[in-house]
Amino acid sequence: MSADDYQKLPTFMQEISSQCQDHKKKFELYCSFHACPCCVQCVTDKHKMCQEMKPLSDILQQVKSSASVQLFEKDLKIVKENIDTAIKYLQTRITTTDTQKTKAIEKIRYMRKSIDDYLNKLEQDLLNDLESKHLKLRFNMATLSQQMEQRASQINQIQSQFSETTRYTTELQRLIALREIEKITSQTTKYIEDLESEDHFIEKNLEVKLSSALQSILQDVNSFGNININTTTSTLKIKAGRKYQAQHLIPKVPGVEQIKPSLLTRLTISKDIKSLDISACLILPDGKSIILDRNKINQLLLFSNDGIFIRKVVTFTKCPYDGCLVMNNTVAVTLGIGNQTVLVDVNRSKIIQSIKLSHDCYGVASDGKTLVISDSNSRCTTVNLSDMSHTIIAGMRGVFCISLFQGNIYGTNDSANKLCCYKVTGELLWTFQHQEIDRPRGLTLDKYGFVYIASAGNNSIVVVSPDGKSCKTILSDADGINHPNAIDINRETGLMILSSCISGEKNEKSYETCFVYKV
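Computed from a predicted structure; not experimentally measured.

(A) Summary view of the sheet that holds strand E23 (residues 460–464). With antiparallel pairing, four strands are arranged side by side in an open sheet as E21-E22-E23-E24. The open sheet is flanked by strand E21 (440–445) and strand E24 (471–475), the only strands paired with a single partner. On average, each strand axis in the sheet is tilted by 30° relative to the strand beside it, whichever way the strands run. Pairing of E21 with strand E22 (residues 451–455), which is carried by four bridges, proceeds in the antiparallel orientation. When the bridges of E22 are listed, Pro440 appears paired with Ser455.

So this is what it looks like as structure tokens:
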């Protein structure tokens, strides 16, 4: 092989040596487990436990076979084609995204122009109305003023000639003149009194009253819209490589035994709200926490990332039972026997939607597109959030608290101490019962499909595998868990929040709070 040809080889090939760099001895063996050549000393130093040691010469004979060369050549070709296809796909997506941005700008500006044009029209209509009413009011007063000026001119003339009338006229002329003056003054007085009695002198003021809808824009409209990144199924077609290669590309799903939550914080409950009865607790996308309190006041409370109370969001007129995050900072809350579920905007501290159902509203779950609401018997209702259409699901017996994951409905039955998994049509897929689950209440799922259950009867948090065949207690009373009722996981951030009773300080009674974990 010429030196020029050798220099054309990839750098990693040029650096490959036939000797062990650690022991300076020739490679004689091959470890199949670690996929590397070894010298004799390597076996005693690093490969004592390796069972699949083979003579390197045998492995080299296999490499020399044309079949192996052709196989790896095919692998390289497939990988290259997949990379080229992926690059082309991403470049197409970049172009598509640029087009989407342009269309979004056009849409925003069109909406702005439409709003401006409409407001300009409303403004002009109001100005025209103002001009019309002002002209009418001014014309009436000007006409009346002109009439009175004519009478005033007559009175002024008589008044200016009065002294001459009394000084230079005969008694007869004076008598008749005084009678005429009396007649004119009497008529003028009556004219003024008539004007006053007919409300001609009532003050008529121009006043503009702007529409309350316009005023509410300044208060309620705090954004022009939202920019969302929606995900859809990829159209990229990748050729399948060999199975052993693909295994390295698939993210490994942890087992139940690997789930070990770490405590981050505990919500600080001040004295004025220590009588909480927590029926639901949620983690918002920004890490803040929400507590649903159904003890007398029936309120939704907001806490910071550090567990400090921020403010009361809303107060409900009926007793709330459960809550879930719908999207962004919108929370759904069920109102029990009121057959009603409401949507609350946390940022605006306002109920923005009320959903009336034909049955009680207790458990609630959402995937951002659909809302599922359970009652105390065996019915659930799915609500399409785009058009608010309802579909009743029957057959989900004894399910109280519910959760949604990948199109399936999960629910706990506290009287039977079991977890149930249903299709969205109501068909039962599987049930799970175990001695570690006692009076299960709230439940939630992580991004892998593991089900986390608040087991109130034995003061623990139990995780059930995605197939519903095994479970593990990850938190217990030894971790300070006492009568947990509510639980939630934000699947994007991996934050978990759960309710628990804790002992009060000194002579205070025990009270409820929430713990926040990283899972």
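(B) Local environment of the pairing of strand E9 (residues 322–327). By the bridge criterion, five bridges tie E9 to strand E10 (residues 330–334) in an arrangement that is antiparallel. In the sheet register, Leu325 faces E10, and the bridge partner there is Val331. Counted between consecutive antiparallel strands, the loop separating E9 from E10 contains two residues, among which Asn328 sits at a positive phi close to 50°.

(C) Molecular detail of helix H7 (residues 171–197). Taking 1.5 Å of rise per residue, 27 residues should cover 39 Å, and H7 covers 38 Å from first to last C-alpha, within 8% of that figure. Three or more residues of H7 are buried, namely Ile181, Ile184, Thr188, Tyr191 and Leu195. Looking one or two residues past H7, Asp199 carries a phi angle of roughly 65°, positive in sign.

(D) Summary view of the pattern of salt bridges. In total, this model carries 13 salt bridges according to the counting rule given. With its nearest N and O atoms 2.8 Å apart, the salt bridge here joins Asp117 to Lys113. One end of the pair is Asp117 and the other is Lys113, both in helix H5 (residues 66–160) and four residues apart, which spans about a single turn. Here Asp117 falls in the partly exposed class, since its relative accessible area comes to 38%. Here Lys423 makes a salt bridge to Glu427, at a shortest N to O gap of 3.6 Å. When its relative accessible area of 36% is taken as the criterion, Lys423 is described as partly exposed.

(E) Structural view of the sheet that holds strand E12 (residues 350–356). Pairing within the open sheet is antiparallel, and its four strands lie in the order E9-E10-E11-E12. The two strands at the open ends of the sheet, each matched to only one other strand, are E9 and E12. Adjacent strand axes in the sheet meet at a mean angle of 25° when their direction is disregarded.

(F) Representation of the packing of aromatic side chains. Evaluated as defined, the whole model comprises five aromatic pairs. Ring centres of Tyr362 and Phe400 lie 5.4 Å apart, and the angle between their planes is 40°; on these two criteria the pair is classed as tilted. Taken as a pair, Tyr362 in the loop between E12 and strand E13 (364–366) and Phe400 in the loop between strand E16 (390–394) and strand E17 (401–405) lie far apart in primary sequence, 38 residues in all. The class of Tyr362 is buried, set by a relative accessible area of 9%. The class for Phe400 is partly exposed, based on a relative accessible area of 24%. The rings of Tyr321, Tyr362 and Phe400 are connected pair by pair, giving a single aromatic cluster. The ring of Tyr191 has Arg151 sitting right over it, with the charged end atom 4.0 Å from the ring centre.

(G) Inspection of the nonpolar core at higher detail. In terms of nonpolar packing, the biggest core is built from 33 residues, with Leu267, Tyr452, Leu475, Met496 and Leu498 touching the most fellow members. For this core, the elements supplying multiple residues, two or more each, are strand E5 (278–283), strand E7 (299–303), E22, E23, E24, strand E25 (487–490), strand E26 (495–502) and strand E27 (511–518). Residues contacting Tyr452, with those up to four places away along its chain left out, are Ile259, Gly442, Leu443, Thr444, Asp446, Val462, Val463, Ile474, Ile487, Ile489, Met496 and Val519. Core analysis: the next-biggest nonpolar cluster, separate from the first, contains 16 residues, Ala280, Leu282, Ile290 and Leu302 among them.

(H) View of the side chain of Ser304. Inspection of the secondary structure puts Ser304 in the loop between E7 and strand E8 (309–315). Take Ser304: its relative accessible area is 16%, and that puts it in the buried class. Discounting chain neighbours no more than four positions away, the residues touching Ser304 are Lys288 and Ile310.

(I) Quick peek at the environment of Val451. When you line up the elements, Val451 lands in strand E22. Non-local contacts of Val451, meaning those with residues more than four positions away in its chain, are made with Tyr410, Leu419, Leu443, Thr444, Leu445, Val462, Val463 and Val464.

(J) View of a nonpolar patch on the surface. A surface patch of nonpolar side chains, about 1,000 Å² in accessible area, is lined by Ile108, Met111, Ile115, Tyr118, Leu119, Leu122, Leu214, Ile217, Val221, Phe224 and Ile227. At the level of elements, H5 and helix H8 (212–220) are the ones that each hand at least two residues to the nonpolar patch. In terms of residues, the nonpolar patch owes the most to one element, H5, which gives six residues. Here Ile227 lies in the loop between H8 and helix H9 (243–246).

Criteria and thresholds
Within each chain, residue numbers correspond to sequence positions counted from 1 in written order. Totals for whole chains, interfaces and linings use every residue, but because this is a predicted model, local features are given only for residues with pLDDT of at least 70 and side-chain atom pairs only at 80 or more, for both listing and counting. Values shown for side chains rest on all heavy atoms present in the structure; no hydrogens or waters enter the calculation. When DSSP locates at least two bridges between a pair of strands, those strands are taken to pair. Comment: elements are numbered from the N terminus, with helices defined as DSSP H or I runs of at least four residues and strands as E runs of at least two. Here, axes are lines fitted to C-alpha atoms. For helices the fit covers the stretch in contact, and angles between N-to-C directions go from 0 to 180 degrees. Under the convention used throughout, the expected extent of a helix is 1.5 Å for every residue step, that is, one less than its residue count. Under the scheme applied here, a residue whose accessible area is under 20% of the maximum for its type counts as buried, over 50% as exposed, and between as partly exposed, the area being computed with a 1.4 Å probe on protein chains only. Only one rule defines a salt bridge in this text: a Lys or Arg side-chain nitrogen within 4 Å of an Asp or Glu carboxyl oxygen. Between rings of Phe, Tyr and Trp, where Trp is taken as its six-membered ring, a pair exists when centres lie within 6.5 Å; planes separated by under 30 degrees are stacked, by over 60 edge-to-face, and by other angles tilted. Sitting over a ring, as applied to charges here, requires NZ of Lys or CZ of Arg to be within 6 Å of the ring centre and within 35 degrees of the ring normal. Residues grouped as a nonpolar core are buried Ala, Val, Leu, Ile, Met, Phe, Trp, Tyr and Cys residues, joined through side-chain atoms within 4.5 Å. Whether two residues touch is decided by their heavy atoms; if any such pair falls within 4.5 Å, the residues are in contact. Each patch groups residues whose relative accessible area exceeds 30% and which form no salt bridge, using 9 Å between like charges and 5 Å between nonpolar side chains of Val, Leu, Ile, Met, Phe, Trp and Tyr. For the area figures, the Shrake-Rupley method with a 1.4 Å probe applies, and any residue is considered shielded solely by the protein chains shown.

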